[in-house]
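Each chain, written out:
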Amino acid sequence: MDLTLKVIEGSRQDLFIAGERVAPRSGRYMPSYDPTNAAPWYEVADAGADDVDAAVQAAKRAFHDPAWRRLTQTDRGKLLRRLADLIAEHADELAAIETRDNGKLLKEMRVQLRAAPDSYLYFAGMADKLHGETIPVNKLDMLNFTLREPIGVVGMISPWNSPLMLLTGTLAPCLAIGNTVVVKPSEHTSASTLALAELIAKAGFPAGVFNVITGKGATAGEALTLHPDVAKIAFTGSTATGRRIAANRLVSCQMELGGKSPHVVFADTDIERAVNGVVAGVFAAAGQTCIAGSRCFVEKSIYAAFVEKLADRTRRVRIGHPTDEDTEIGPLALAAQLDKVEQYVDYGVADGARLVAGGHRPRRDDLPGGWYYEPTVLADARNDMRFMRDEIFGPVVGVVSFDNESELIGLANDTHYGLAAGVWTRDIDRALRFARNVDAGTVWVNTYRSAAYMSPSGGFKESGYGKRGGFEVMREFSRLKNVVIDYSGATQDPFVIRLC
Ligand code: NDP
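Residues numbered from 1 in each chain as written. Predicted model: local features only at pLDDT ≥ 70, side-chain atom pairs only at ≥ 80, totals over all residues. Heavy atoms only, no water.

Around the ligand, 30 residues are found, and the nearest of them are Ser158, Glu187, Ser238, Leu257 and Glu391. Ser186 is positioned such that a nitrogen or oxygen atom in its side chain is 2.8 Å from an oxygen atom of the ligand. One of the side-chain nitrogen or oxygen atoms of Thr241 is found 2.7 Å away from an oxygen atom of the ligand. Of all the secondary structure elements, the ones that give two or more residues to the shell around the ligand are helix H9 (217-226), strand S10 (232-236) and helix H10 (239-248). Taken together, the residues of the shell around the ligand break down into 11 nonpolar, 12 polar and seven charged. (Near = heavy atom within 4 Å. Polar contact = N/O pair within 3.5 Å; in protein donor to acceptor, adjacent residues only side chain to side chain. Helix = DSSP H or I, 4+ residues; strand = E, 2+ residues; numbered from the N terminus. Nonpolar A, V, L, I, M, F, W, Y, C, P; charged D, E, K, R; others polar.)

In structure tokens, the structure reads:
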């Protein structure tokens, strides 16, 4: 199977519905751009509501079709194992496609794609471990039990920053459970999801179990979330879009939204390691990660020294083409994102923060036309500054000084978000107190941005709800049914409830 860049370059990518590539009914396509030079490199179908309906109907038929419905959970697990093998076989091609589409470092994509098969294998193993329970009741002649069932058609909407990795977290468990899926990737990064569709078909999943609708969020995305035959929505994206989806429809949602995560450094830590951790937490993937530790809190006694070291390391971050092994920061994925980052750095400076590193688009002849931005440190920041309140989704960190632990917790939790948090300290008691008191779905101690598909992750507050990862996600994407059987043979008073 040829999934190389050569095949995609200059091509027109159609939708993937019921196992086939299908042209959009409108005949409209839109360009997808290479962030390293802002040049269009392929075109993707611009689906309308009628295309979305066709995909949902295909998924609905597949859900009820015995070819999928009557597969045992063990057989679903086997299909996922075959898919894991195919992803491993094509990992380099998938990594290259995503790097070309969103500018993420190729070396990072290789790591993500090496982990992806393991993630599918993990959920393949779970396929036959999801079960209900027998509930002891107060009647000897009644059997009360629960069944765990697939939900139906799941509509998935993914963002542009890590399309395959973020999709895997919900797709693998959904397939293990027996749901069917319609995915709407971001219009900016559809190629890798379409390539995955080819592998899913090759693995032997029945047609219609996995469908891809490409197009704009406001049209194709919205039509998917409003479709009455979509039984659950798995949305990863901004809090603003998540709020709109949740307001539009009374349907179960799993929401992975934005963040403004606190990253804390106590004076007792190894400063070099902490600087490295803060850099990893906010500048990796050019800051385009939901978990970015974009608010850095540093204990007063080491504040000045820490800021100096952080600024020094930041100035030495190597900006370059994402396929170069030496590059540490590639371009931002979208032109609009570059403008947004620039605007927020301006807000920070206008509000009184001190620019100590970065703050510009690099002027380099070897990066012509790309959407690059220098990693940026704004010191002497405060939580009430606009760049510290809003999610920027770019390589910008604000640094704040704090006096003591109780002040710190107040500062860390002073945000609408609650996705992740990090702390650097050698004091285990303090680390545990922080972990207990911070409002964040994931807490890292002496590490940051360490991901595991076995971990239940998901945000608090406006960072979303519902979990992905671990066994929790199997509960999230299945439904629980209660069955009560009376085997007494007795006839009851029809006008009195039978408590059992
Ligand atoms: P958006 O919310 O703009 O877009 C996310 C997805 O939703 C895209 O596929 C988009 O399509 C689609 N979409 C846009 N409007 C609608 C709509 N009205 N109805 C349905 N779908 C719609 O977010 P960004 O693309 O800007 O992604 C970055 C955001 O994602 C950040 O806030 C980040 O924190 C968050 N994120 C959260 C993660 C988490 O795990 N918590 C992980 C990664 C990112 P299109 O792009 O075609 O418009």
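What follows continues from the structure just given.
Right, let's talk about the side chain of Asp101 for a bit. By the secondary structure assignment, Asp101 is in helix H5 (residues 91-102). Reaching out from Asp101, the side chain makes a polar contact with the backbone nitrogen of Ser190 at a distance of 3.4 Å.

Attention now moves to the domain arrangement of the protein chain. Each domain of the protein chain was delimited in the assignment, giving domain 1 (5-257 + 463-481) and domain 2 (262-445). If you average the C-alpha positions of domain 1 and of domain 2, the two centres end up 31 Å apart. Tallying the contact residues gives 20 residues for domain 1 and 27 residues for domain 2. Across the interface of domain 1 and domain 2, roughly 1900 Å² is buried in total on both sides, 60% from carbon and sulfur atoms. The largest share of the area that domain 1 buries against domain 2 comes from Thr36, Trp160 and Ser463, three residues that together contribute 29% of it. One can count one salt bridge joining domain 1 with domain 2. Arg110 serves as the salt-bridge partner of Glu325, at 3.1 Å between the closest nitrogen and oxygen. (Domains from an automatic or database assignment. Contact = heavy atoms within 4.5 Å. Buried area = accessible area lost by both parts, 1.4 Å probe. Salt bridge = Lys/Arg side-chain N within 4 Å of Asp/Glu carboxyl O.)

Below, the discussion takes up helix H2 (residues 49-64). With 16 residues, H2 should cover 22 Å at 1.5 Å per step; its first-to-last C-alpha distance of 23 Å lies within 8% of that length. Along H2, the residues that are buried comprise Asp51, Val52, Ala54, Ala55, Val56, Ala58, Ala59, Ala62 and Phe63. (Expected span 1.5 Å × (residues − 1). Buried < 20%, exposed > 50% of the residue type's maximum accessible area, 1.4 Å probe, protein only.)

Another aspect to go through is the environment of Ala246. For Ala246, the position within the fold is in helix H10. As a C-alpha pair, Ala246 and Gly287 span 41 residues in sequence and 27 Å in three-dimensional space. Those residues in contact with Ala246, other than ones at most four positions away along the chain, are Met255 and Tyr465.

Quick look at the packing of helix H4 (residues 73-89) against helix H8 (residues 191-203) now. Viewed as axis vectors pointing N to C, H4 and H8 meet at an angle of 130 degrees, and their least axial separation amounts to 9 Å. Relative to H8, H4 is oriented oblique. Seen along the crossing, H4 lies across H8 with a hand that is right-handed. Contact residues: H4 offers Leu79, Arg82, Leu83, Leu86 and Ile87, while H8 offers Leu196, Leu199, Ile200, Lys202 and Ala203. (Axes fitted to C-alpha atoms, helices over the stretch in contact; angles between N-to-C directions. Parallel < 35°, antiparallel > 145°, perpendicular 65-115°, else oblique. Left-handed = near helix turned anticlockwise from the far one by under 90°.)

This next bit is on the nonpolar core. Judged by nonpolar contacts, the single largest core of 57 residues is most densely connected at Leu171, Phe205 and Phe210. Contact partners of Phe210, with chain neighbours within four places excluded, come to Phe16, Leu167, Leu171, Val181, Val183, Thr193, Leu196, Ala197 and Ile200. Ranked by size, the runner-up nonpolar core spans 56 residues in total, among them Ala286, Tyr303, Ala381 and Trp424. (Core = buried A, V, L, I, M, F, W, Y, C linked by side-chain atoms within 4.5 Å.)

Let us look at unusual backbone geometry. At Ala285, a position not held by glycine, the phi torsion is positive, near 55 degrees. Relative to the elements of secondary structure, Ala285 occurs in the loop between helix H11 (271-283) and strand S13 (295-299). Not every positive phi belongs to a glycine, and Lys461 is a case in point at roughly 50 degrees. Within the secondary structure, Lys461 is located in strand S20 (residues 460-461). In this structure Lys461 comes out as partly exposed when scored by relative accessible area, which is 38%.

Before going further, it helps to spend a moment on the pairing of strand S16 (residues 396-402). Side-chain positions along a regular strand alternate between the two faces of the sheet. Across the seven residues that make up S16, a large majority, six, are buried. The pairing of S13 with S16 spans five bridges and is parallel. Paired with Val298 across the strands is Ser401, a residue of S16. As judged from the three bridges shared by strand S15 (residues 376-379) and S16, these two strands associate in the parallel manner. Note on S16: the bridge partner recorded for Thr376 is Val396. (Pairing = 2+ DSSP bridges.)

Read across the sheet, three strands follow the order S1-S5-S4 without closing on themselves; strand pairing throughout is mixed. At either end of the open sheet lies a strand with only one pairing partner, and these are strand S1 (12-13) and strand S4 (29-34). Pairing of S4 with strand S5 (residues 39-45), which is carried by six bridges, proceeds in the antiparallel orientation. When the bridges of S5 are listed, Tyr29 appears paired with Ala45.

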